[in-house]
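Chains, contacts and geometry: an overview
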Amino acid sequence: MKKTLLISFLFLLNFFILETFGQDLTKMSTQFYEQFKNTRSNEKIGCLIEMNDALPLEKTRSLSNAEKVKELSAFSRKSQELIMTWLSSKNVSVNPDQIFWILNGFYIETTTDIVSEISEREDVKKIHANEIRTIDLPVSEKFDNDERAVEWGVTKIKADLCWTAGYTGKDVVIGILDTGVDFDHPSLVGKWTGHFKAATGLPQQTEPYDDQGHGTHCCGTILGGDGLGSGTNDIGVAPDAKYVAAKVLSSSGGGSDAQIIEGLQFMADLKATVDIKLLSMSVGGSSQNDAYFEIFKSLNSLGFVLVMANGNSGPGAGTVNTPACYGNAIGVGNTTNTDAINSSSSRGPTENKAPFNDNQYWLRNDWNYIKPNISAPGTDIRSASANSTGYKLLTGTSMACPHVAGAIALLFSKNPNLTISQIYDLVVDNADKPSAGGTYPNNNYGWGLINIKKALDNVPEPNTPPVANFSSDVSSTCTGIVKFSDKSTSGPTSWLWEFGDGTTSTLQNPSHTYSTNNTYTVKLTATNSFGFDTTTKTSFISVNRPPAPVTTGSSSNSPGTLTLSATGTGTLKWYDTETGGNLLSTGNTFTTPFINATTSYYVQNEESPAEQSVGLTQKSSDGAYYTSTSRWGLVFNALVPLTIKSVKVYANSSENRTIWVKGSTFSDSVTVNIPTGEQTVNLNFNIPVGTGYILGGTSACNLWRDASGATYPYSIPNIISITGNTASSAPNYYYYFYDWKISGSPCIST
């Protein structure tokens, strides 16, 4: 908690408040501003307007889907009333099909002058660009009309074994947003639910059609063919599932954000009466649009599982497409028939910034910006060819995505009450881990290659109350911040957390800040339509935060700058808001900028934790200096953000060596000249929370590898654990790095 200082002014004379006119650039996304500044004032520009009023998702959590749709759409209409009246007065028309409630906003095309005025409105939060998204263009395309049995991708993920067990996705409804679907294709006949929409600007028809072919191919992979029936050409993972289609992409394979959102809202509107379990979207683009993050929050609240193609811009890091990049959707990578990740498959990580770092909306607390989340067959996939009776082979994450969508339908056919969280856990926790992937999870495969039979075998039986359970990222904290994770089984649909300090939460995986030093008992009640269960963990969280700073404010009778002061037990940091905000200064004093009104500033006391040691403290006489070209290292888990300040090594030569650390979403290295003998090497690696990190060195590093019999793990409780080495053939060896010096995150004042 930050201490508040008020700066007061007594004005003895009247003064003028100067007001600036023009656009508020802070409300324009980076992508939109680039378009805006290059558009003349009398020219029209398209944009998505996001309103400032956040949808009441928490308030509507306990409502039925029909009630949620009604409440959220009514809330958005009310929120948009004033701006709609204002737009009408400016002769700006808005297409009713592009007035949204899954995003409290709408799409318009108007002049930059009008956009400038919109940016000045207090009821507007953000102005987003209307980017063009495309199908994740297939890497290759080949026609193949030879009849055959079950396709290799279907058997690779073991979907055919699910059919044998009696689970074929029967009557599970899947929403497909793409170029459309050729519903007359022989492999798809009888599987359409009767619901179809073509977005604004696309040819309008009452029945599904596909003038490009991409959507038909994807739909075929999800549910084409008859599975264990007498027919051939079993191209689909869930052959007894049904589909709803939204055509949001043109014959050239492109569609705007407004068109895609229109299709997503069509699915959300239908959710009131049609139990669409999941949405499959093999579409994306490199340009970020955070409107999708807000939309996905709304769709998740309605129970939609969101499955997205990761993109075909690999193999470079950070190439994952929008909208697969967000933490509340499942991004899918592309594997070959040898389980290799296709080089074109887009990789993560996403960026550690807003909105990606808003972990209360992550599918699971250990996501940590990894993309893809899961991988599936996507190379030379044979499926339906639109506007024909034939078949063709395509390659891309577009082909991998529908394998996962169909697989999830199989899980729902065993237990229709599964939650999004349960589906995600089943998919990633039961994945195969190809040896080529190395340490999992990673930004090539995600958590691995989907194995849907293994996942199906772990589906809880329906019609049972939940069994409540939970965990937290820490049990002792000097910051007060604790992230809780729901570990309940059997499909809870609502949660009530009691944190022990008089506060509660109904989020599934809340983050809570304790303001008072104490030991807290935490209680979770998990509920579904069949009952509830409660678990209580006594004295579960211990909070020991440093004291708040002692502050001295300041005042003046005239505008100007003022100097504020404070004292504390650690480093004092000055901010412009009570929580979060911008760091303004560090130290016992802070001089304000020029101000002419009562202004609040905030100061926080941070204490650096004591340095601690972990690992084998010194070498024994049993071992050798390692001179082979293989690169080995020590594996460790960071339970809190921490710094590896230094390690001790024993060198047999004086030379430059590179010491590196690598995790699924983080890496760093330092190159230093290490003389012969026992040496301390300063590293200062700042490690985020994560598991499976490796600390290693240069090949043929000529550093001492101890063979006396390491007794893993070497741990500092609640901070770090060295769990082993990377040499599976020699698990008791200890490689190179002794007496690690560790410091944890700074302690933050109460």
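One can find the structure itself at the top, above this paragraph.
The sections below set out a description of the structure shown in this document. (Residues numbered from 1 in each chain as written. Predicted model: local features only at pLDDT ≥ 70, side-chain atom pairs only at ≥ 80, totals over all residues. Heavy atoms only, no water.)

In this section: the overall build of the chain. Scanning the chain from terminus to terminus reveals eleven helices and 47 strands. The C-alpha radius of gyration computed for the chain amounts to 29 Å, which stays within 12% of the reference 27 Å derived for 750 residues, consistent with globular compactness. Here the C-alpha coordinates of the chain stretch approximately 85 × 75 × 55 Å along the principal axes. Across the 750 residues that make up the chain, the buried fraction comes to 54%. Surface summary for the chain: the accessible area is close to 30,400 Å², and the carbon and sulfur share equals 48%. Averaged over its 53 positive side-chain charges, the chain has a centre that lies 4 Å from the centre of its 67 negative ones. (Helix = DSSP H or I, 4+ residues; strand = E, 2+ residues; numbered from the N terminus. Rg over C-alpha atoms; globule rule 2.2 N^0.38 Å. Buried < 20%, exposed > 50% of the residue type's maximum accessible area, 1.4 Å probe, protein only. Areas by Shrake-Rupley, 256 points an atom, 1.4 Å probe, with all protein chains shown as cover. Lys, Arg positive; Asp, Glu negative; His and termini not counted. Charge placed at Lys NZ, Arg CZ, Asp CG, Glu CD.)

Another point: the state of the cysteines. The tally for this structure, following the rule as stated, stands at one disulfide. Put simply, Cys478 and Cys747 are joined by a disulfide, and their sulfur atoms are 2.1 Å apart. Residues Cys478 and Cys747 are joined by a disulfide whose S-S torsion is about -80°; by sign, that bridge is left-handed. Of this pair, Cys478 sits in the loop between strand E20 (476-477) and strand E21 (481-486) while Cys747 sits in strand E47 (residues 747-748), placing them 269 residues apart in sequence. The exposure class of Cys747 is buried, given its relative accessible area of 12%. Looking at Cys325, it has no disulfide partner, and the nearest cysteine sulfur is the one in Cys401, 14 Å off. When its relative accessible area of 4% is taken as the criterion, Cys325 is described as buried. (Disulfide = S-S within 2.5 Å.)

So, about the environment of Gln618. Mapped onto the secondary structure, Gln618 falls in the loop between strand E34 (612-614) and strand E35 (623-625). Remark: the alpha-carbon pair of Gln618 and Tyr736, spanning 118 residues in sequence, is separated by 10.0 Å.

Attention shifts here to the pairing of strand E17 (residues 381-384). For a regular strand, side chains alternate in direction, first toward one face of the sheet and then toward the other. When E17 meets strand E18 (residues 391-395), the two strands line up antiparallel, connected through four bridges. Counterpart to Ala384 in the pairing with E18 is Tyr391. Hairpin geometry of E17 and E18 is characterised by an intervening segment of six residues between the two adjacent antiparallel strands and by a positive phi of about 60° at Asn387. (Pairing = 2+ DSSP bridges.)

Cis geometry marks the peptide bond from Gly348 to Pro349; its omega dihedral reads 5°. Along the chain, Pro349 turns up in the loop between strand E15 (330-335) and strand E16 (374-377). Omega for the bond connecting Lys371 with Pro372 falls within 30 degrees of zero, at 0°, which places this linkage in the cis form. With respect to the element layout, Pro372 can be found in the loop between E15 and E16. Residue Asn684 is not a glycine yet carries a positive backbone phi of 55°.

This paragraph deals with helix H10 (residues 420-429). The buried fraction of H10 amounts to eight of the ten residues, a majority that puts the element mostly inside the structure. All buried positions along H10 are accounted for by Ile420, Ser421, Gln422, Ile423, Tyr424, Leu426, Val427 and Val428. On its buried side, H10 packs onto helix H8 (291-301), strand E14 (305-309), E15, E16, helix H9 (397-414) and helix H11 (452-457). (Contact = heavy atoms within 4.5 Å.)

The next thing to look at is the pattern of salt bridges. Within the structure shown, the criterion is met by 29 salt bridges. A salt bridge links Glu262 to Lys197, with the nearest nitrogen and oxygen atoms 3.3 Å apart. Remark: Lys197 occurs in strand E9 (residues 192-198) and Glu262 occurs in helix H7 (residues 257-270); sequence separation between them is 65 residues. Here the two residues Glu262 and Lys197 agree in accessibility, since each one is buried. Residues Arg364 and Asp429 are paired through a salt bridge, measuring 2.8 Å at the closest nitrogen-oxygen approach. (Salt bridge = Lys/Arg side-chain N within 4 Å of Asp/Glu carboxyl O.)

Owing to its 3.6 residues per turn, the α-helix brings residues three or four apart onto one side. Under the 1.5 Å per step criterion, the end-to-end length of helix H2 (residues 65-89) is 35 Å for 25 residues, consistent within 8% with the ideal 36 Å. At Glu81, H2 is bent by approximately 50°, the largest bend along its length. Of the residues making up H2, those classed as buried are Lys68, Val69, Leu72, Ser73, Ser76, Ser79, Gln80, Ile83, Trp86 and Leu87. Asn91 sits one or two residues past H2 and shows a positive phi near 60°. (Expected span 1.5 Å × (residues − 1). Bend = angle between axes of the 7 residues up to and from the residue.)

Pairing in this open sheet of three strands is antiparallel, and the strands run E11-E6-E13 from one edge to the other. Of all strands in the sheet, those with a lone pairing partner are strand E11 (254-256) and strand E13 (283-284), marking the two edges. Across three bridges, the pairing between strand E6 (residues 132-135) and E11 is antiparallel. Opposite Ile132, over in E11, you have Ser256 as the bridge partner.

Turning next to the packing of helix H6 (residues 214-223) against H9. As a packed pair, H6 and H9 sit with axes 8 Å apart at the nearest point and diverge in direction by 35°. H6 and H9 meet at a crossing whose hand is right-handed. Contacts between H6 and H9 pair His214, His217, Cys218, Thr221 and Ile222 from the former with Ser398, Met399, Pro402, His403, Ala405 and Gly406 from the latter. Here the residues of the contact of H6 with H9 are counted per class, giving five nonpolar, six polar and no charged. (Axes fitted to C-alpha atoms, helices over the stretch in contact; angles between N-to-C directions. Left-handed = near helix turned anticlockwise from the far one by under 90°. Nonpolar A, V, L, I, M, F, W, Y, C, P; charged D, E, K, R; others polar.)

Once that is clear, we can look at the packing of H7 against H8. Orientation of H7 relative to H8, taken along the N-to-C sense of each, is 10°, at an axis distance of 11 Å. In terms of orientation, H7 and H8 fall into the roughly parallel class. Between H7, through Asp257, Ile260, Ile261, Leu264 and Ala268, and H8, the contact on the second element is made entirely by Tyr292, Ile295, Phe296 and Leu299. (Parallel < 35°, antiparallel > 145°, perpendicular 65-115°, else oblique.)

Applying the stated criterion across every chain, the model contains 36 aromatic pairs. Relative to Tyr735, the ring of Tyr626 lies with its centre 6.2 Å away and its plane at 80°, an arrangement referred to as edge-to-face. Taken together, the residues span a long stretch of sequence, with Tyr626 in the loop between E35 and strand E36 (633-638) and Tyr735 in strand E45 (residues 734-735) at a distance of 109 residues. Across this residue pair, the class does not change: Tyr626 and Tyr735 are buried. Looking at Tyr735, the relative accessible area reads 2%, which means it is buried. Each member of the aromatic cluster is reached from another via a ring pair, and the members are Tyr292, Phe293, Phe296, Tyr326, Phe356 and Tyr361. Sitting over the face of the ring of Tyr391, Arg382 holds its NZ or CZ atom 4.5 Å from the ring centroid. (Phe/Tyr/Trp six-rings, centres within 6.5 Å; stacked < 30°, edge-to-face > 60°. Lys NZ or Arg CZ within 6 Å of the ring centre and 35° of its normal.)

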